[in-house]
Amino acid sequence: MFPTDRPRRLRRTPALRRLVAETSLEPRHLVLPMFVADGIGEPRAISSMPGVYQHTLDSLSAAAEEAVAAGVGGVMLFGVPRTEDKDETGSGATDPDGILNRGLARLKTDLGDSTVIMADTCLDEFTSHGHCGVLGENGSIDNDATLLRYVDMAVAQAESGAHLLGPSGMMDGQVGAIRAGLDAAGHVEVGQLAYSAKYASAFYGPFREAVGSSLQGDRRTYQQDAANRREATHEVELDLAEGADMVMVKPAMSYLDILRDVAEMSPVPVAAYQISGEYAMITAAAQNGWIDRDAAVLESLVGIRRAGADVVLTYWATEVAGWL
């Protein structure tokens, strides 16, 4: 008890604080989400995410090489097709010459196994309606028809060079269907980072610009309700039973309680995605002089790690890796 017990003794100097820190943040913990776009001649700035770009194949390769040199753990690639190449079933997602698969192949050629190349395994960027699956006759998402498309997409991504696939559509049975499809095609070594607890969130707004989304309406019939907590662990349990190699919570900062729950029950590594709206909020506040940008970025990432994330997807991955 005070005055004998003085916890401030261990906070007195930076060296003492570093010595007793319970949570570490290292470059290997970070994954850089990247966007590769078709039909552009130079990188295109994303206005709602200052500092983030839609890349050409050449600029994608250069930015990925910079990230690897900084020591990041991996990159997660999203494709942005031309509007005229979108259709009802997202055929560009399974086309070997589609922009996402070409981007994966370029990264595999340039980077090999020097980093972990991940792919977003979802149809939303490629469908004319902007949903993550195939529409049924009544206009709702046909879960089982969508699984067939996911399997074809997964095989195409594996053949293009992805090490990990990221099924993010929140379709029932997606992890099991993809696992069976990959194994049948001879890609038993390709893993899945399952978006297991993905919530319908207002914070995805800037991402819609980043991928040129065609979405009308929302995704609340397949993404989770923000009011629900136990449902997340149920979804994780299902994905684990279906063969997920890693699981993810998305978004990160508004769902740290969910992340803690998942980290405590998961036998596999847990990822969390610091999404576009979270990036945009910190960036905008800093641009207005309201917060210290670099300190806020680090604090947000340490908080996500402290909540239980083994891996953090963040648009600051390369920059923060350089700081660390």
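Note on numbering: residues in each chain are counted from 1, in written sequence order. Local features are withheld for residues below a pLDDT of 70 in this predicted model, meaning they are given only at 70 or higher, and side-chain atom pairs are given and counted only at 80 or more; totals for whole chains, interfaces and linings count all residues. Processing note: side-chain calculations cover all non-hydrogen atoms of the structure and skip hydrogens and water entirely.

With that settled, the discussion passes to the overall build of the chain. Regarding its fold elements, the chain presents eleven helices and ten strands. Every radius of gyration here is taken over C-alpha atoms, with the globule rule written as 2.2 Å times N^0.38, N being the number of residues. Its C-alpha atoms give the chain a radius of gyration of 20 Å, near enough to 20 Å, the size a compact globule of 324 residues would have. Any pair of residues with heavy atoms lying within 4.5 Å of one another is described as a contacting pair. The long-range share in the chain, meaning contacts at least 24 apart out of those at least 6 apart in sequence, stands at 75%. Computed over 27 positive and 45 negative side-chain charges, the separation of the two mean positions in the chain equals 12 Å. Labels follow the DSSP assignment, with helices taken as runs of H or I lasting at least four residues and strands as runs of E lasting at least two, numbered in each case from the N terminus. Note on charges: Lys and Arg go in the positive column, Asp and Glu in the negative column, and His and the chain ends are not counted at all. For the purpose of locating charges, the reference atoms are NZ of Lys, CZ of Arg, CG of Asp and CD of Glu.

Right, let's get into the packing of helix α7 (residues 230–242) against helix α8 (residues 256–265). Two elements in contact, α7 and α8, have axes separated by 10 Å at closest approach and are oriented at 40°. Judged on the interaxial angle alone, α8 and α7 are oblique. Considering only the axes of α7 and α8, their crossing is right-handed. In this structure, α7 uses Ala 232, Thr 233, Val 236 and Glu 237 to contact α8, whose residues at the interface are Ile 258, Asp 261, Val 262 and Met 265. Note on residue categories: nonpolar means Ala, Val, Leu, Ile, Met, Phe, Trp, Tyr, Cys or Pro, charged means Asp, Glu, Lys or Arg, and polar means any other residue, Gly included. For the contact of α7 with α8, the class distribution of residues is five nonpolar, one polar and two charged. Here, axes are lines fitted to C-alpha atoms. For helices the fit covers the stretch in contact, and angles between N-to-C directions go from 0 to 180 degrees. If an angle is under 35 degrees, it is roughly parallel; if it is over 145, roughly antiparallel; if it lies from 65 to 115, roughly perpendicular; otherwise it is oblique. We call a crossing left-handed when the near helix sits turned anticlockwise from the far one by less than a right angle, and right-handed when that turn is clockwise.

Turning our attention to the packing of aromatic side chains. A pair of aromatic rings is counted whenever rings of Phe, Tyr or Trp (Trp by its six-membered ring) have centres within 6.5 Å, and the orientation is called stacked for planes under 30 degrees apart, edge-to-face for over 60 and tilted otherwise. Summed over all chains, the structure comprises eight aromatic pairs. Taken together, the ring pairs in this structure connect Phe 35, Phe 78, Phe 207, Tyr 273, Tyr 279, Tyr 315 and Trp 316 into an aromatic cluster. A ring is considered to have a charge above it if a Lys NZ or an Arg CZ atom is located within 6 Å of its centre and within 35 degrees of its normal. Sitting over the face of the ring of Tyr 204, Lys 198 holds its NZ or CZ atom 6.0 Å from the ring centroid. The lysine or arginine in question, Lys 250, covers the ring of Phe 207, its NZ or CZ lying 5.4 Å from the ring centre.

Salt-bridge detection follows one rule: a side-chain nitrogen of Lys or Arg within 4 Å of a carboxyl oxygen of Asp or Glu. Scanning all chains against the criterion turns up 15 salt bridges. Note that Glu 26 and Arg 28 form a salt bridge whose closest N and O atoms lie 3.0 Å from each other. For the salt bridge of Arg 106 with Asp 58, the shortest nitrogen-to-oxygen distance reads 3.0 Å. Of this pair, Arg 106 sits in helix α3 (residues 99–111) while Asp 58 sits in helix α2 (residues 57–70), and the two are 48 residues apart along the sequence. Overall, the relative accessible area of 27% leaves Arg 106 in the partly exposed class. Buried, partly exposed and exposed residues are distinguished by accessible area as a fraction of the type maximum, computed with a 1.4 Å probe on protein chains only: under 20%, between the cut-offs, and over 50%, respectively.

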